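# Breakdown of the fold
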Amino acid sequence: MLVSLVKAKVHVFDGNGNKEREITLPELFSYPVRPDLIRRAFHASFTRGLQPKGRDPMAGKRTTAESYGINLGLARVPRVKGSGEAALAPNTVGGRLAFPPSTRERIVERINEKEKRLATISALAATANVKVVTARGHKSQGEVPIVVSDDVGKLSKAKDVEAYLVKIGLKEELERASNKRIRAGKGKMRGRRYKKTVGPLIVVHDRKLPIIEAASNLPGVDVVYAGDVSVIHLAPGGHPGRLTIFTESSLDILDKRLGGVVRK
């Protein structure tokens, strides 16, 4: 898809939360936002993690039940000899299922690699669109995306990460992300009683930075390496526009990884 891309400019926040200089974002942040492509790529990535479910082929069939036949004034369902209890048939207690789940069922949605890359680029572009970010419910008082210096990746305590996010204007966002709701329905009885709010995403330039472990203790906040970032991180639930914070070096990694697709 050939489009004329206009490069956007953002400020870089230093380690104290102050704007120190202005930089130009890579071209991939000016790519058109494609919600349809993002949703398709999300479902493809999400379904790859599902575990196939199947039923024992003999489930409900381990019985000697046989039908008595006709002209007896009884339903012709198979019955256990001696007790006359109905069994085996799908409409009986303890009987087999009519259409049990099968491991041969296709549960993974496939997607072309080029589509997947374009969806990631489109999801990155959505993080630079204020309307898309605010429509998703995020609370941001400044420009998006937020770019910080590489020194922020050295923060090793959750309280320091939280204090820094407050300095760059994300206090309301952290309060929003800390809210959790009780799930409606039977999921409350199945180990998933609460629904958590998705908060900001921090994209870093190294897999071994201390902030990765420190930020894991903040509700709703996720940290991911720029080489691993995907639609799963940028558009949870298939909805683009997650509030994202990039370290300055992570932009170079993203441009080397995906920039060539846009420039083709």
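This is a predicted model, so every value here is computed, not measured. (Residues numbered from 1 in each chain as written. Predicted model: local features only at pLDDT ≥ 70, side-chain atom pairs only at ≥ 80, totals over all residues. Heavy atoms only, no water.)

### A word on the pairing of strand β2 (residues 19–24)
Defined as follows: When DSSP finds two or more bridges between a pair of strands, those strands are recorded as paired. Note on conventions: DSSP H or I runs of at least 4 residues are helices, E runs of at least 2 residues are strands, and numbering of each starts at the N terminus.
One ladder, built from 5 bridges, connects strand β1 (residues 9–13) with β2; its direction is antiparallel. By the bridge assignment for β2, K9 is matched with T24. In sequence, β1 turns back onto β2 through a hairpin of 5 residues, with G17 there showing a positive phi of about 90°.

### A look at the confidence of the model for the protein chain
Rule in force here: pLDDT expresses how confident the predictor is about each individual residue, on a scale running from 0 to 100. Contacts were defined at the residue level, with two residues in contact if any of their heavy atoms lie within 4.5 Å.
When pLDDT is averaged along the protein chain, the result is 92; 97% of the residues meet or exceed 70. When mean pLDDT is compared element by element in the protein chain, strand β6 (residues 201–204) scores highest at 98, while helix α8 (residues 248–263) scores lowest at 89. Counting interchain partners and residues more than four positions distant, the pLDDT-below-50 stretch residues 1–5 has 9 contacts.

### Looking at the sheet that holds strand β7 (residues 222–225)
Quick note on the threshold: Axes here mean lines fitted to C-alpha atoms, for a helix over just the part in contact, with angles spanning 0 to 180 degrees between N-to-C directions.
Taken in spatial order, the 6 strands make up an open sheet running β2-β1-β3-β8-β6-β7, and their pairing is mixed. Unpaired on one side and paired on the other, β2 and β7 mark the two borders of the sheet. Within this sheet the neighbouring strands show an average axis-to-axis angle of 30°, counted without direction. Relative to strand β8 (residues 244–247), β6 runs parallel, the two being bridged by 3 bridges. The residue of β8 that forms the bridge with V203 is F246.

### As for the packing of helix α1 (residues 35–47) against helix α2 (residues 113–126)
Defined as follows: For this classification, under 35 degrees means roughly parallel, over 145 means roughly antiparallel, 65 to 115 means roughly perpendicular, and everything else is oblique. Here is the rule for handedness: rotate from the far helix to the near one, and if that takes an anticlockwise turn smaller than a right angle the crossing is left-handed, while a clockwise turn gives right-handed. Note that Gly is not counted as nonpolar here; it falls among the polar residues with everything else outside the nonpolar set of Ala, Val, Leu, Ile, Met, Phe, Trp, Tyr, Cys and Pro and the charged set of Asp, Glu, Lys and Arg.
The geometry of α1 relative to α2 is characterised by a closest axis approach of 9 Å and an angle of 120° between their N-to-C directions. Comparing the axis directions of α1 and α2 gives the class oblique. Of the two possible hands of crossing, α1 and α2 adopt the one that is left-handed. Contacts from L37, I38, R40, A41 and S45 of α1 reach α2 at E115, K116, L118, A119, S122 and A123. Across the contact of α1 with α2, the residue classes tally to 6 nonpolar, 2 polar and 3 charged.

### Comments concerning the environment of G191
We apply this condition: Only protein chains enter the area calculation, which uses a 1.4 Å probe; residues under 20% of their type maximum are buried, those over 50% are exposed, and those in between are partly exposed.
Along the polypeptide, G191 turns up in the loop between β4 (180–182) and β5 (194–196). For G191, a relative accessible area of 80% corresponds to the exposed category. For the pair G191 and A119, spaced 72 residues apart in sequence, the C-alpha separation works out to 32 Å.

### Here we look at α2
An α-helical turn contains 3.6 residues, so a residue and the one three or four places further along point in the same direction. The following threshold applies: Helix span is expected to be 1.5 Å times the residue number reduced by one.
Taking 1.5 Å per residue, 14 residues should reach 20 Å; α2 reaches 20 Å between its end C-alpha atoms and fits that length. Inspection of α2 places L118, A119, T120, I121, S122, A123, L124, A125 and A126 among the buried residues, and these make up the whole buried set.

### Focus on unusual backbone geometry
Residues V144 and P145 are joined by a peptide bond in cis, for which omega reads -5°. Not every positive phi belongs to a glycine, and N71 is a case in point at roughly 65°. Assignment of secondary structure puts N71 in the loop between α1 and α2. If you check the backbone angles, L88 has positive phi at about 75° while not being a glycine. With respect to the helices and strands, L88 occurs in the loop between α1 and α2.

### Here we look at the pattern of salt bridges
Definition in use: One side-chain nitrogen of Lys or Arg within 4 Å of one carboxyl oxygen of Asp or Glu is enough to make a salt bridge.
Scanning all chains against the criterion turns up 10 salt bridges. The salt bridge partner of D36 is R34, with a shortest N-O separation of 3.2 Å. Note on D36: relative accessible area 44%, which makes it partly exposed. Across the pair R242 and D222 runs a salt bridge whose closest N-O atoms are separated by 2.7 Å. Of this pair, R242 sits in the loop between α7 (231–234) and β8 while D222 is found in strand β7, placing the two residues 20 residues apart along the sequence. Judged by its relative accessible area of 2%, R242 is buried.

### Remarks on the nonpolar core
Applied cut-off: Nine residue types can take part in a nonpolar core, namely buried Ala, Val, Leu, Ile, Met, Phe, Trp, Tyr and Cys, and a core is a set of them joined through side-chain atoms within 4.5 Å.
By size, the foremost hydrophobic cluster in this structure holds 34 residues, and its most contacted members are I121 and L124. For this core, the secondary structure elements donating two or more residues are β1, α1, α2, β6, α7 and α8. When residues of this core are assigned to their parent elements, the largest contribution, 6 residues, is made by α2. For L124, the residues in contact, after removing those within four places along its chain, are L28, F29, L234, F246, L254 and L258. L165, L170, A214 and L243 belong to the second-largest nonpolar core, a separate cluster that totals 23 residues.

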